[in-house]
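Examining the three-dimensional arrangement
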Amino acid sequence: MDDKAGMNEAQDQVRLSLVEAAIRLEDAGLNRGSTGNIGTRFGDEILVTPSGVAVRDLTPESMVLLGWDGGKIDEDQPEQPTSEWRFHRDILATRAEFGAVVHCHAPHTTALACLGRDLPAFHYMVAVAGGIDIRCTPYALFGSQELSDLVLEALEGRKACLMANHGMIACDTTLERAIALAIEVEALAGIYLAALQVGTPNILSADEMAEVLAKFRDSGYGRQAR
Ligand SMILES: [Zn+2]
């Protein structure tokens, strides 16, 4: 097999993994219709889900390969990249440790984001995103560079964030890990909202969370190394 054929085969695999990831997100109740989007690194380029295509209609061929300027590598491809290609590009461009970005409008994280609230250290597992909380960005228009800039800020030292009046982003070394993180963050948001119905959740102190983060690091839990 020559290099090009090998490259194409590898790209087909990555394209297929994006389709499967989108289906998994929908099956897990984290996404519906054509709202969420996924991006991965592929060689020197990025591969993202297309704009406005329902999950059940996604095909490996419909995934869009982009250069770092956001331009389509195959200009003849009919599909357009997700309208959120900017934050996929900017996250992958600035965070070398990440290989994949998952964005969805999961109900509980989105409800919290509509309140403009961070997910605080109400449960030790909040540390799974890398820090003592999971931040929520201020509101900015979907698809805008302003939103992408706010996302990069909220993701500083973190692998996940919320976007006000919009949804959630989870990133990790692999697509598999990014999806697992998105599922965990959504579950945490659900528990937090449930606790808020009854009272005021106890928030773990900075020292308590530092201990959790150290233990996660020691055990390799949620590690970012590639
Ligand atoms: Zn969105």
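Before reading further, recall that the structure is shown in the block above.
Residues numbered from 1 in each chain as written. Predicted model: local features only at pLDDT ≥ 70, side-chain atom pairs only at ≥ 80, totals over all residues. Heavy atoms only, no water.

**Focus on the sheet that holds strand E4 (residues 100–104)**
The criterion, for reference: A pair of strands is labelled paired if DSSP reports no fewer than 2 bridges between them. Helix and strand definitions here come from DSSP, where helices need a minimum of 4 consecutive H or I residues and strands a minimum of 2 consecutive E residues; each element is numbered from the N-terminal end.
If you walk across this open sheet you meet the 7 strands as E3-E2-E1-E4-E7-E6-E5, and the pairing is mixed. With one partner strand each, in any of the chains shown, strand E3 (64–66) and strand E5 (136–137) form the two edges of the open sheet.

**Points about the coordination of the zinc ion**
This is how it is decided: The donor definition counts N, O and S atoms within 2.8 Å of each metal and applies 3.2 Å to Na, K and Ca; water is not among these atoms, so some sites may look incomplete. Any residue under 20% of the maximum accessible area for its type is buried, any over 50% is exposed, and the rest in between are partly exposed; the area is computed with a 1.4 Å probe on protein chains only.
Looking at the zinc ion, one finds its protein donor set to be His103 (NE2), His105 (NE2) and His166 (NE2), positioned 2.0 to 2.1 Å from the metal centre. Of note, the zinc ion draws all its donor residues from one chain, in the sequence arrangement H-x1-H-x60-H. One end of the pair, His103, is in strand E4; the other, His166, is in the loop between strand E6 (160–163) and strand E7 (167–172), and 63 residues separate them in sequence. Residue His103 is classed as buried on the basis of its relative accessible area of 1%.

**Re the packing of aromatic side chains**
The cut-off we apply is this: Ring geometry is summarised as follows: Phe, Tyr and Trp rings, the Trp one being its six-membered ring, pair when their centres sit within 6.5 Å, and such pairs are stacked at plane angles under 30 degrees, edge-to-face over 60 and tilted between the two.
Enumeration over the complete set of coordinates arrives at 2 aromatic pairs. Ring geometry for Phe122 and Tyr192: centres 5.0 Å apart, planes at 45°, overall tilted. Separated by 70 residues along the polypeptide, Phe122 in the loop between helix H3 (107–114) and E5 and Tyr192 in helix H5 (residues 175–198) bring together distant segments of the chain. Look at Tyr192 and you get buried, because its relative accessible area is 5%. Ring geometry for Tyr124 against Phe216: centres 6.3 Å apart, planes inclined by 70°, an arrangement best described as edge-to-face. Of this pair, Tyr124 sits in the loop between H3 and E5 while Phe216 is found in helix H6 (residues 206–219), placing the two residues 92 residues apart along the sequence. Under the relative-accessibility criterion, Phe216 is labelled buried at 10%.

**Side note on the pairing of strand E2 (residues 45–48)**
Judged from the 4 bridges that link them, strand E1 (residues 37–42) and E2 form a sheet pairing that is antiparallel. Each residue of the ladder has a partner; that of Phe42, found in E2, is Glu45. When E2 meets E3, the two strands line up antiparallel, connected through 3 bridges. Note on E3: the bridge partner recorded for Val48 is Val64.

**Re the layout of surface pockets**
Rolling a probe over the atoms, with the probe sized like a water molecule, indicates the empty space that remains. The condition is simple: As defined here, a cavity is a set of points on a 1 Å grid over the protein atoms alone where a 1.4 Å probe fits but cannot get out. A pocket is an open set with protein on both sides within 12 Å along at least five of seven lines, and residues line them when an atom is within 4 Å of a point. Grid points are joined across faces, edges and corners, and a volume is the space filled by probe spheres set on the points. All amino acids are sorted into three groups, where Ala, Val, Leu, Ile, Met, Phe, Trp, Tyr, Cys and Pro are nonpolar, Asp, Glu, Lys and Arg are charged, and the leftover types, Gly among them, are polar.
Looking at the largest pocket, its volume works out to about 260 Å³. Around the largest pocket, the lining is made up of 23 residues, and of these Ser34, Thr35, Gly36, Asn37 and Thr82 lie nearest the centre. Of all the secondary structure elements, the ones that give two or more residues to the lining of the largest pocket are helix H1 (3–27) and E1. Tallied by class, the residues present in the lining of the largest pocket amount to 8 nonpolar, 14 polar and 1 charged.

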